[in-house]
Amino acid sequence: MGVAMPLILGAVLAYVLNILCVKLEKYFFPNTKIKILQKSRRALVILTTLVIVTLVMVGVFRLVLPQFFNALADFFKNIPSFFEGLSALLEKINHNSVISDQLESMNIDWSSVQSKVMKYLTSGMGGVFGSTFKIVTGITKGFVNFILALTFAIYILATKEKLGRQIKKLAHAYLKNEHIQKVKYVVDIADDMFSHFIAGQVTEAIILGSLCSLGMIIFRFPYALSVGAFVSITALIPILGAWLGGIVGFLLIAVKSPIEAVFFIVFLLVLQQFESNVIYPRVVGTSIGLPGIWVLASITVGGGLGGIVGMLLGVPVAATIYQLLKNDTNRRLNGIEKVK
């Protein structure tokens, strides 16, 4: 699995990108008779797909990351004043407050704390995950694996018809027609469920990010567009993804106003409940024909069995099984009615 992982990731990446490629192919000279366009059409579609995905990812992270790092720096600068304000508040509540006296007598050097934290983030992690050499090796290996996966994905997209013909030839050479038809039937349903799930998941993420930005604008939270965009990206992970974006939003807002950050968590909690119980089952469940109760059940079971990967695969796998059982049940009932 470790050796084949770049190829597996490449195949998964090709499958996801192919959904966008198929849509773009409808607009890139579908009926052209010019040979140059016919030969270059697939390459243009693949290139456009990669450019669109790259621009979206770069746009989101350029919108979020600079503000996040600026907020992190401001966070350490504002910590002393935060505790001074907290101390003053406690003093007003209770003039003899022991906690207030303790806070004033602590005399913490926050500049030293900041430097130690930054030092830990930059070099201290090496002591946790291994030597610097291992870290560099791991990063290099990950980069090489990504390049291999991307190259393999592009190759699959460029020659998918040829690969399909080769697989069919192998199937007809080694399997009976009866078995081929059964396998094709299951694969077609699984492909339909997975492709609709991915499209529904992206749609749901866009809706959630838009609602998050809109709500933050209405309630006058800062960084509305940045947090909303980041929530959209992290929401591609079912149910829990929005909380990853929420953590970033909390840190950004807490720098300016800790009280507003608490209100933001309350807002996100309400939005997350609405998303989990209303938007997600309806948008994703409707797109794959899976009732909302089974969407929630598949996420719960998939997450328990395989973590985030299990959550991602749980819904389309459950939808495939549901559709196969539904079709087989109807076929059996129709057969019984005909006998009667």
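Residues numbered from 1 in each chain as written. Predicted model: local features only at pLDDT ≥ 70, side-chain atom pairs only at ≥ 80, totals over all residues. Heavy atoms only, no water.

**Q** Help me get a handle on the environment of N145, residues and values and all.
**A** Within the secondary structure, N145 is located in helix α5 (residues 132–158). On the basis of relative accessibility, which here comes to 25%, the residue N145 falls in the partly exposed class. Remark: the alpha-carbon pair of N145 and L9, spanning 136 residues in sequence, is separated by 8.9 Å. (Helix = DSSP H or I, 4+ residues; strand = E, 2+ residues; numbered from the N terminus. Buried < 20%, exposed > 50% of the residue type's maximum accessible area, 1.4 Å probe, protein only.)

**Q** Summarise the packing of helix α7 (residues 177–218) against helix α8 (residues 224–234); cite the residues concerned and give the values.
**A** Helix-helix packing: each pair is described by the crossing angle between the helix axes and the interaxial distance. Contact geometry for α7 and α8: axes closest at 8 Å, N-to-C directions at 160°. In terms of their interaxial angle, α7 and α8 are classed as roughly antiparallel. Crossing handedness for the pair α7 and α8: right-handed. Taking contact as the criterion, the partners of A205, I206, L208, G209, S210, C212, S213, M216 and I217 in α7 are, on α8, A224, L225, V227, G228, A229, V231 and S232. Class assignment of the residues belonging to the contact of α7 with α8 gives a composition of 11 nonpolar, 5 polar and no charged. (Axes fitted to C-alpha atoms, helices over the stretch in contact; angles between N-to-C directions. Parallel < 35°, antiparallel > 145°, perpendicular 65-115°, else oblique. Left-handed = near helix turned anticlockwise from the far one by under 90°. Contact = heavy atoms within 4.5 Å. Nonpolar A, V, L, I, M, F, W, Y, C, P; charged D, E, K, R; others polar.)

**Q** Explain the pattern of salt bridges to me, using residue names and the numbers behind them.
**A** Taken as a whole, this structure holds 7 salt bridges when the rule is applied. With its nearest N and O atoms 3.6 Å apart, the salt bridge here joins E178 to K182. Residue E178 and its partner K182 are both found in helix α7; the two are separated by 4 residues, about one turn of the helix. In this structure, E178 and K182 share a single accessibility class: exposed. If you follow the salt bridges from partner to partner, you end up with E25, R42, K160 and E161 in one network. (Salt bridge = Lys/Arg side-chain N within 4 Å of Asp/Glu carboxyl O.)

**Q** Could you give an account of the packing of aromatic side chains, with specific residues and numbers?
**A** Following the criterion strictly, the structure yields 5 aromatic pairs and no others. Relative to F267, the ring of F221 has its centre 6.2 Å away and its plane inclined at 45°; by these criteria the two rings are tilted. Here F221, found in the loop between α7 and α8, pairs with F267, found in helix α10 (residues 258–288); they are 46 residues apart in sequence, far enough to count as distant. Here F264 and F267 contribute two aromatic rings whose centre-to-centre distance is 6.4 Å and whose plane-to-plane angle is 40°, an arrangement assigned as tilted. Placement of both F264 and F267 in helix α10 is noted, with a separation of 3 residues, approximately one turn of the helix. Using a relative accessible area of 0% as the deciding quantity, one classes F264 as buried. Look at F267 and you get buried, because its relative accessible area is 14%. Through a chain of ring-to-ring contacts, the aromatic side chains of F219, F221, F264 and F267 assemble into a single cluster. (Phe/Tyr/Trp six-rings, centres within 6.5 Å; stacked < 30°, edge-to-face > 60°.)

**Q** Could you give an account of a nonpolar patch on the surface, naming the residues involved and the relevant values?
**A** Together, I308, V309, L312, L313, V317, I321 and L325 make up a nonpolar patch on the protein surface, roughly 590 Å² of accessible area in all. Here L312 is to be found in helix α11 (residues 292–339). (Patch = residues over 30% accessible without salt bridge, like charges linked within 9 Å, V, L, I, M, F, W, Y side chains within 5 Å. Areas by Shrake-Rupley, 256 points an atom, 1.4 Å probe, with all protein chains shown as cover.)

**Q** How would you summarise the packing of helix α1 (residues 5–25) against α7 if you had to cite specific residues and measurements?
**A** Running from amino to carboxyl end, α1 crosses α7 at an angle of 75°, the nearest separation of the two axes being 10 Å. Between α1 and α7, the crossing angle belongs to the class labelled roughly perpendicular. For the pair α1 and α7, the contacting residues are Y15, V16 and I19 in the first and D191, F194, S195 and I198 in the second. Of the residues that constitute the contact of α1 with α7, the class distribution is 5 nonpolar, 1 polar and 1 charged.

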